[in-house]
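# Results of the structural survey
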Amino acid sequence: MKNLHYFLMIYLSLAASAASANEPSPERAHELVRMVRQDCGSCHGMTLNGGLGPALTAEALKGRDIPKESLVATIVGGRPGTPMPPWHRFLSESEAGWIVDRLLEGFPQQ
Amino acid sequence: MRKFLALASVLLLSACAGQPLRGTGDLGLVIERASGHLTLINTSTKAPYARVEGLGDLSHASTVYSRDGRYAFIFGRDGGLTKVDLLEARIVKRVIQAGNSIGGSISQDGRIVVAQNYAPGGIKAFDAETLELLSEVPAEYAPGQFSKVVGLADAQGGKFAYALFEGGEIWVTDFKDPKKPTTQRFPAGKQPYDGLVTPDGRYFMAGLYGEDGVALLDLWQPEKGAMKILEGYGRGEEKLPVFKMPHLRGWSMAQGKAYLPAIGRHEVLVVDGISWKEVGRIPVKGQPVFVMARPDGRQIWVNFAFPDYSEVQVIDTLSGKVVKTLSPGKAILHMEFTPRGEAVWLSARDDNKVVIYDTASFDKIGEFAAQAPSGIFFTSRAARIGF
């Protein structure tokens, strides 16, 4: 019983740290949403329906069927040969992952 | 009967008092991009006078004016083309003309408004009076392949010049017969991202993203084809990331020279307006977005892409140096000079305000609230080629 309790503790703390690695703080989440809408929006459109860059709505992304890792890599490292710049100076890979998850489920409004 | 006449004349007078006569020369508008509003402003009182709503998605919206400065034609990102009456502060007509639009232009005679579109890629001409569709030119640069259109500018004689991002060409379309346009094509270079026509209407320039250089077409002698200027300005060095595409539109000619944003370099490039050779480059704070000359050409104001967009720099064209760095607010997206340039209005998107600066003293002389303001457009554009 003591052992089980011990395992549970470890399990819960691991789960919590995994969640905190992927889940930005509410303030940071707000910043990221704003950044996507406003700054990514310069090329992808504020509604994410596309502009010089392609549309990033859930529907458009699912239609193109791109693996999540590729989307994260595009945000972090940019796409050579296109105007997509690398954003790694401004966000971490796990934050890019969080953005991709939000994009795939329909991006929040500000 | 006399009593009735007296009453009628009082009514008539009060009706006139409700709508005083006025000109449009000191009016303009501010795009409030997030909410689909326009704030109508007066550059003499330095204040808003009305707000117009219901314009759809105004991210990246731009405006051209009718010759009398009374009507603004607003091109929205969602493909909306809206005609707004600045005197009555209301929408006159609104059509959805495309899926994804980037801007537009008005013809020299003021009769045709042309929209440039990303999707479906091409341009469309509308009757400026009724917004009835007159004709369209799909940007089909190869069979079945359509390009996004950038840099549309009004040229002389009912012609419009523009560039094709994927197509790598400059096209000049003649709307002499608005329902039967004819188009000439010129190879330009890799990925033109925007264009401008010089203030005299003679040259069309398309900035290239895919290579270091600018394509230049002499509209007086188009048969000579587009030539490349500023070729290899990056000297083969690795480009800095570009977090927002520069905008060439705006008056960047001053004192016989063109001032142009470098791509992927924190520099303004200076080109002689006759030989089109590079005559200088001016280091600036970040990736330039707008490089705009004050109407008299004495100063060039530069704003920047993310993350340097909360500062603005002023170049003195006599010394060729940055003489002032200002921090007018958070996320400065656009600048507009008053008709003769004594003041400049700047939109601070993340501070939700428009700020007004004196261009001689650099003092702030005004400010008002606006929701996520982006483009600022004054009616003085009505009389300028390329605006």
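Residues numbered from 1 in each chain as written. Chains lettered and ligands numbered in written order. Predicted model: local features only at pLDDT ≥ 70, side-chain atom pairs only at ≥ 80, totals over all residues. Heavy atoms only, no water.

Time to look at the overall build of chain B. Looking only at helices and strands, one finds one helix and 34 strands in chain B. Compactness check: chain B gives a C-alpha radius of gyration of 21 Å against a globular reference of 21 Å for 387 residues, within 12% of the reference. For chain B, the spread of C-alpha atoms along the three principal axes comes to 85 × 50 × 35 Å. Counting only residues that meet the buried cut, chain B has 60% of its 387 residues in that class. Once local pairs closer than 6 in sequence are excluded, the contacts in chain B between residues at least 24 apart make up 43%. Accessible surface, chain B as shown: approximately 15400 Å² in total, 53% of it carbon and sulfur. (Helix = DSSP H or I, 4+ residues; strand = E, 2+ residues; numbered from the N terminus. Rg over C-alpha atoms; globule rule 2.2 N^0.38 Å. Buried < 20%, exposed > 50% of the residue type's maximum accessible area, 1.4 Å probe, protein only. Contact = heavy atoms within 4.5 Å. Areas by Shrake-Rupley, 256 points an atom, 1.4 Å probe, with all protein chains shown as cover.)

What follows covers the sheet that holds strand 30 (residues 332–337) of chain B. Residues and elements named next belong to chain B. Strand order in the open sheet made by the four strands is 30-31-32-33, with antiparallel pairing throughout. Of all strands in the sheet, those bounded by a partner on one side alone are strand 30 and strand 33 (364–369). Each adjacent strand pair in this sheet contributes to an overall mean axis angle of 20°, direction not counted. Summarising the sheet, strand 32 (residues 353–358) and strand 33 pair through five bridges and their orientation is antiparallel. Among the inter-strand pairings, V355 is bridged to a residue of strand 33, identified as E367. (Pairing = 2+ DSSP bridges. Axes fitted to C-alpha atoms, helices over the stretch in contact; angles between N-to-C directions.)

Looking now at the side chain of B:D85. Residues and elements named next belong to chain B. As for its position among the elements, D85 is in strand 6 (residues 80–85). According to the relative accessible area criterion, D85 is buried, its value standing at 1%. A distance of 3.1 Å separates a polar side-chain atom of D85 from the backbone nitrogen of E88. (Polar contact = N/O pair within 3.5 Å; in protein donor to acceptor, adjacent residues only side chain to side chain.)

All names here are of chain B. Per the counting criterion, the structure on display carries 30 salt bridges over all chains. R281 is the salt-bridge partner of E278, the closest N and O atoms lying 2.9 Å from each other. In this structure, D350 engages R349 in a salt bridge whose closest nitrogen and oxygen atoms are separated by 2.7 Å. Judged by its relative accessible area of 2%, R349 is buried. (Salt bridge = Lys/Arg side-chain N within 4 Å of Asp/Glu carboxyl O.)

Now for the UniProt feature "domain: Cytochrome c" (unreviewed entry) in chain A. As annotated in UniProt, the feature "domain: Cytochrome c" (unreviewed entry) corresponds to residues 24–107 of chain A in the numbering used here. Annotated as residues 24–107 of chain A, this span is 58% helix and 0% strand, and its ends, taken at the C-alpha atoms, are 15 Å apart. (UniProt positions renumbered as here; feature names shortened; annotations may be inferred.)

In this complex, chain A contributes 22 residues to the contact, which on the side of chain B involves 22 residues. Between chain A and chain B lies a buried interface of about 1900 Å² when both sides are counted; carbon and sulfur atoms form 58% of it. Put simply, chain A and chain B have two salt bridges between them. The closest approach of N and O atoms between B:R349 and A:D39, which form a salt bridge, is 3.7 Å. For the pair chain A and chain B, the number of links is eight residue pairs in polar contact (both at pLDDT 80 or more). Within the side of chain A that touches chain B, the residues separate by chemical class into eight nonpolar, 10 polar and four charged. (Buried area = accessible area lost by both parts, 1.4 Å probe. Nonpolar A, V, L, I, M, F, W, Y, C, P; charged D, E, K, R; others polar.)

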